[in-house]
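Read off the chains here:
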Amino acid sequence: MRNTLYRQGHYGPHIILSTLNWWGPSWTTKANTECTEEELLEVLNYSIYFGPSLAYPDENTPTISGQSNAEFDARFKELHNGSMPYASAYRNPSYNAVWASALALNAMMNNLKAKGQSWSSS
């Protein structure tokens, strides 16, 4: 039996899933999972969606990471022996999604701290 997010109780307003937003119109009925469509939608109810954008207006402007897209691409190629592996077209939006998630979590933790609350995994 698959150990799905829904079956583990990882959904609701206290869980925020970040995901890319290229899901097709009927993917919930075709998903390879034991979850029902309603369970999938419940898990995604409090999600943050990031849309891939493969257009970069300025390759040399530093991003929040401190490096430009051109610098990131050069580093990426260096890590992969000068090649671009399968699906590497999504390297920049994926990297940006991780940064966006980290910044959102950091902001949430700062807000909780300012209110005198803490965040725990329970």
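Everything numeric here is computed off the predicted structure, so don't read it as measured data. (Residues numbered from 1 in each chain as written. Predicted model: local features only at pLDDT ≥ 70, side-chain atom pairs only at ≥ 80, totals over all residues. Heavy atoms only, no water.)

**Re the overall build of the chain**
Next up, step 1: Secondary structure assignment for the chain yields four helices and two strands.
Next up, step 2: Along the chain direction, N to C, the helices and strands of the chain fall in the order β-α-α-β-α-α.
Next up, step 3: Per-residue burial over the chain gives 20% buried out of 122 residues.
Next up, step 4: For the chain, the computed accessible surface area is about 8900 Å², with 55% contributed by carbon and sulfur atoms. (Helix = DSSP H or I, 4+ residues; strand = E, 2+ residues; numbered from the N terminus. Buried < 20%, exposed > 50% of the residue type's maximum accessible area, 1.4 Å probe, protein only. Areas by Shrake-Rupley, 256 points an atom, 1.4 Å probe, with all protein chains shown as cover.)

**A short note on unusual backbone geometry**
Next up, step 1: At N81, a residue that is not glycine, the phi angle is positive and equals roughly 55°.
Next up, step 2: Mapped onto the elements, N81 comes out in the loop between α3 (69–79) and α4 (91–114).
Next up, step 3: Among the residues examined, N81 registers a relative accessible area of 75% and is labelled exposed.

**Observations concerning a nonpolar patch on the surface**
Next up, step 1: A surface patch of nonpolar side chains, amounting to about 260 Å² of accessible area, comprises I16, Y46 and I48.
Next up, step 2: Mapped onto the fold, I48 is located in strand β2 (residues 48–50).
Next up, step 3: When its relative accessible area of 31% is taken as the criterion, I48 is described as partly exposed. (Patch = residues over 30% accessible without salt bridge, like charges linked within 9 Å, V, L, I, M, F, W, Y side chains within 5 Å. Salt bridge = Lys/Arg side-chain N within 4 Å of Asp/Glu carboxyl O.)

**Observations concerning the environment of Y95**
Next up, step 1: Position of Y95 among the secondary structure elements: in helix α4.
Next up, step 2: Sequence separation between Y95 and F72 is 23 residues, and the spatial gap between their C-alpha atoms is 9.4 Å.
Next up, step 3: Every residue in contact with Y95, bar those within four places of it in the chain, is listed here: S65, Q67 and F72. (Contact = heavy atoms within 4.5 Å.)

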